Amino acid sequence: MKKGICDFIKDQHTKVPPVATADLTGKTVVIVGANAGLGFEAAKHFARMNPGKLILACRSEERGSVAVKKLISETSYDKAELWIVDLGKFSSVVAFIDRFEKSGERLDILVASAATNPYGSEYKTTSDGWEESLQVNVLSLSLMSLLLAPRMVETGVKYATKPRIVLVSSDLHYMVNLEDVCEAKSPFRLLNSPEHCTQKRLDSGDRYSETKLLNIFFAQSLAELLKDTPVIVNSLNPGYCYSELRRDFSGVKALVDYLMEKALALTTEEGSRSLVYAAVGGAEDPEKLRGAYLNLNTPTEPADVVIGEEGRKRQDKLWADLIAELSKVDRRIPSIIEQLS
């Protein structure tokens, strides 16, 4: 499927469906990137569904604490907890997982909403040696999802429920393809290289779009891995919304974005409804959401590079390389893959 500017404008002017609701009594919800933007608005919606525990996974203690207080004041929900995780550090992700494992908590919903947008910035790596947006938007969220998957399977079996893993992608994934990357011996090492991540790619916004395409490939692979379990994995497009992602824009970029927001942007709350639907919507037949890419709460065909026989080859190549890289980070990954296969 291909989508162009006319499709984008049409979607932006389509009425956003009402927020989906469910009874989350006794259930545990984790939102990664919940201190602001789409993640925080989604957290407010979940809070009104009375979950047994709502974990706001945030990088900043200060901003996360403010978010928890604001959540309580706006919803009167008092079972929200702030857990710190810095997606720019694998050690922080592993520490978060270890804490969750020791807690013995059930896990019903994992919403991976955190991201960084490198648009216009210079090539920058984390202390782990990965380009920042690749690690934050893709590698760390994938690591987190894989390490928490066994607990979610256990939750689904024990409580006869269908836990969900939700990855926030974007229709921007239609604007790029990774055909050449997938022909490399190690796609992720190529994606990490300064030679691939050129200033032109950063300045055009293509780098962010690449990470959103990688989210969809991962969601489909993870859904395939979990196909015989109760856990449903999907990805979604929240639309172009007022967002914290662009808070560092300045100069001409900021002006252009301001004008685009005035003309086209959804409110942050409207965009968050897509996250909530992916997590609790479609209760009449949740299997329809397994492995789906959702746009306006509707399963939608992703970009041509993802689908068909060639798309499946790319997906398998990226998955194998991703697992190889993440296995270097945490030795539990191979056994989890074997356990769930």
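Quick caveat: nothing in here was measured; it's all calculated off a predicted structure.

Peer 1: I'd like a rundown of helix H11 (residues 268–280), residues and numbers included.
Peer 2: End to end, H11 covers 19 Å across 13 residues, agreeing with the expected 18 Å (1.5 Å per residue, within 8%). With eleven of 13 residues buried, H11 lies mostly within the body of the structure. The set of residues buried in H11 consists of Thr 268, Gly 271, Ser 272, Arg 273, Ser 274, Leu 275, Val 276, Tyr 277, Ala 278, Ala 279 and Val 280. Where the residues of H11 are buried, they touch helix H2 (37–47), strand S4 (109–112), strand S5 (164–168), strand S6 (232–237) and strand S7 (293–295). Count one or two residues on from H11 and you reach Gly 282, which has phi positive near 65°.

Peer 1: Let's hear about the side chain of Asn 234: which residues, and what values?
Peer 2: Along the chain, Asn 234 turns up in strand S6. From its side chain, Asn 234 meets the backbone oxygen of Ala 278 in a polar contact 3.1 Å long. Sequence-distant contacts of Asn 234, that is, excluding residues within four places in its chain, are made with Ile 165, Val 166, Leu 167, Ala 219, Ala 278, Leu 289, Ala 292 and Leu 294.

Peer 1: Talk me through the environment of Asp 128; I want residue IDs and the actual numbers.
Peer 2: Tracing the backbone through its elements, the reader meets Asp 128 in the loop between S4 and helix H5 (132–159). Apart from the residues within four sequence positions on either side, Asp 128 is in contact with Gly 88, Lys 89, Phe 90 and Gln 135.

Peer 1: Break down unusual backbone geometry for me, citing the residues and quoting the values.
Peer 2: Comment: phi is negative for the bulk of residues other than glycine, and the bulk of peptide bonds are trans. Backbone geometry at Asn 50 places phi at a positive 60°, although glycine is not the residue there. Along the chain, Asn 50 turns up in the loop between H2 and strand S2 (53–58). Phi at Asn 297 is positive, roughly 65°, even though this residue is not glycine. Tracing the backbone shows Asn 297 in the loop between S7 and strand S8 (298–299).

Peer 1: I'd like to hear about the packing of aromatic side chains, residue by residue, with values.
Peer 2: Tallied over the full model, the rule gives four aromatic pairs. The interplanar angle of 65° and the centroid separation of 5.3 Å between the aromatic rings of Trp 83 and Phe 96 together place this pair among those described as edge-to-face. Pair noted here: Trp 83 is in strand S3 (residues 80–84) and Phe 96 is in helix H4 (residues 90–103), with a separation of 13 residues, a long-range link. As far as burial versus exposure is concerned, Trp 83 and Phe 96 are alike and both buried. Both rings, one in Tyr 174 and one in Tyr 293, keep their centres 6.4 Å apart while their planes meet at 70°; by these two values the pair is edge-to-face. Separated by 119 residues along the polypeptide, Tyr 174 in the loop between S5 and helix H6 (179–182) and Tyr 293 in strand S7 bring together distant segments of the chain. Under the relative-accessibility criterion, Tyr 293 is labelled buried at 2%. By the ring-pair criterion, three or more aromatic residues cluster together here, those being Trp 83, Phe 96 and Phe 100. Directly above the ring of Tyr 159 sits Arg 106, whose terminal nitrogen or CZ lies 3.8 Å from the centroid.

Conventions and cut-offs
Residues numbered from 1 in each chain as written. Predicted model: local features only at pLDDT ≥ 70, side-chain atom pairs only at ≥ 80, totals over all residues. Heavy atoms only, no water. Helix = DSSP H or I, 4+ residues; strand = E, 2+ residues; numbered from the N terminus. Expected span 1.5 Å × (residues − 1). Buried < 20%, exposed > 50% of the residue type's maximum accessible area, 1.4 Å probe, protein only. Contact = heavy atoms within 4.5 Å. Polar contact = N/O pair within 3.5 Å; in protein donor to acceptor, adjacent residues only side chain to side chain. Phe/Tyr/Trp six-rings, centres within 6.5 Å; stacked < 30°, edge-to-face > 60°. Lys NZ or Arg CZ within 6 Å of the ring centre and 35° of its normal.

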